[in-house]
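Analysis of the macromolecular model
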Amino acid sequence: MSKRASGSVGKEFAGQVAQAFAGVAEEFGLEGPEESDVVLPSVLFSIGVLKYEIVHDSHSHSVETRVAFELEASRLTVGLGNLVPAAGLGPAEQVKDSAHTVWNMMRSLDTQVDFVKRLHPLLVSDGAQDLIRKAGAREWRRR
């Protein structure tokens, strides 16, 4: 793994995420992309209490889409790798997360976008909280 490939991934991350999620954002009326680098570089798309946060971890050379559901007193968060099997869409291994190179990252984002398309109707339904909890979501209390 060359430093050049890793550096390219970091430089292209936000733009590639915006491009990969553009169709989903338009189709589902998501707001974003909103970039952040507070802990890890991330790009956020949202609609109401539902948030999709795409995170790049340069140490593990991975990219992950996390789903967050904002409640009145807390926030539920879970990765697609846990949400996909909980929704009955197959094993977690289907959710690609490699970001060793820009090409790997683009391929991973494509598979993650595909799962977001399939999951979104479930995540805006009345059973969304139950599904997210079934997937093993972490609950963060607000102070």
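To start, this report covers the structure provided alongside it. The written sequence of each chain sets the order in which its residues are numbered from 1. Per-residue local features are limited, in this predicted model, to residues with pLDDT of at least 70; the limit for side-chain atom pairs, both in listing and counting, is 80 or more; totals at the level of whole chains, interfaces and linings are taken over all residues. Side-chain metrics rest on all non-hydrogen atoms present in the structure, leaving aside hydrogens and water.

Considering the pairing of strand 3 (residues 50-57)
For the exposure calls, accessible area comes from a 1.4 Å probe over protein chains only, and a residue counts as buried if that area is under 20% of its type's maximum, exposed if over 50%, partly exposed in between. For helices the rule is a DSSP run of H or I covering at least 4 residues; for strands it is a run of E covering at least 2, with both sets numbered from the N terminus onward. Most of strand 3 sits out of view: six of its eight residues are buried. Strand pairing follows a simple DSSP-based rule, namely that at least 2 bridges must link the two strands. Across six bridges, the pairing between strand 2 (residues 42-47) and strand 3 is antiparallel. Looking at strand 3, one finds that Ile 47 is bridged to Leu 50. The antiparallel hairpin formed by strand 2 and strand 3 contains two residues in its connecting segment, where Gly 48 sits at a positive phi of about 60°.

Quick notes on the nonpolar core
Residues Phe 45, Val 67 and Leu 123 are the most contacted members of the largest nonpolar core, which totals 39 residues. Elements that contribute at least two residues to this core include exactly helix 1 (3-28), strand 2, strand 3, strand 4 (62-70), strand 5 (74-79), helix 2 (80-86), helix 3 (102-123) and helix 4 (128-134). Residue contacts follow a heavy-atom distance rule, with two residues in contact if any of their heavy atoms lie within 4.5 Å. Not counting chain neighbours up to four residues away, the residues in contact with Phe 45 comprise Val 17, Ala 18, Phe 21, Ala 25, Leu 30, Glu 31, Gly 32, Pro 33, Leu 50, Lys 51, Tyr 52 and Ile 54. Only buried residues count toward a nonpolar core, which is a set of Ala, Val, Leu, Ile, Met, Phe, Trp, Tyr and Cys residues joined through side-chain atoms within 4.5 Å.

Things to note about the pattern of salt bridges
Salt bridges are identified by distance alone: a Lys or Arg side-chain nitrogen within 4 Å of an Asp or Glu carboxyl oxygen. According to the stated counting rule, one finds five salt bridges in the structure shown. Across the pair Asp 114 and Arg 118 runs a salt bridge, and its minimum N-O distance is 3.9 Å. Of this pair, Asp 114 and Arg 118 both sit in helix 3, four residues apart, which is roughly one turn of that helix. Accessibility expressed as a relative area gives 36% for Asp 114, which makes it partly exposed.

Side note on the sheet that holds strand 3
Taken together, the six strands give an open sheet; going across it, the order is 1-2-3-4-5-6, and neighbouring strands pair in antiparallel fashion. The open sheet has two edge strands with one neighbour each: strand 1 (31-36) and strand 6 (138-141). The sheet shows a mean angle of 25° between the axes of neighbouring strands, taken without regard to direction. When strand 4 meets strand 5, the two strands line up antiparallel, connected through five bridges. The residue bridging Phe 69 from the neighbouring strand is Leu 76, located in strand 5. All axes are obtained by fitting lines to C-alpha atoms, using only the stretch in contact for helices, and the reported angles, taken between N-to-C directions, cover 0 to 180 degrees. The strands that helix 3 touches are strand 2, strand 3 and strand 4; relative to strand 4, the one it contacts most, it runs at about 20°.

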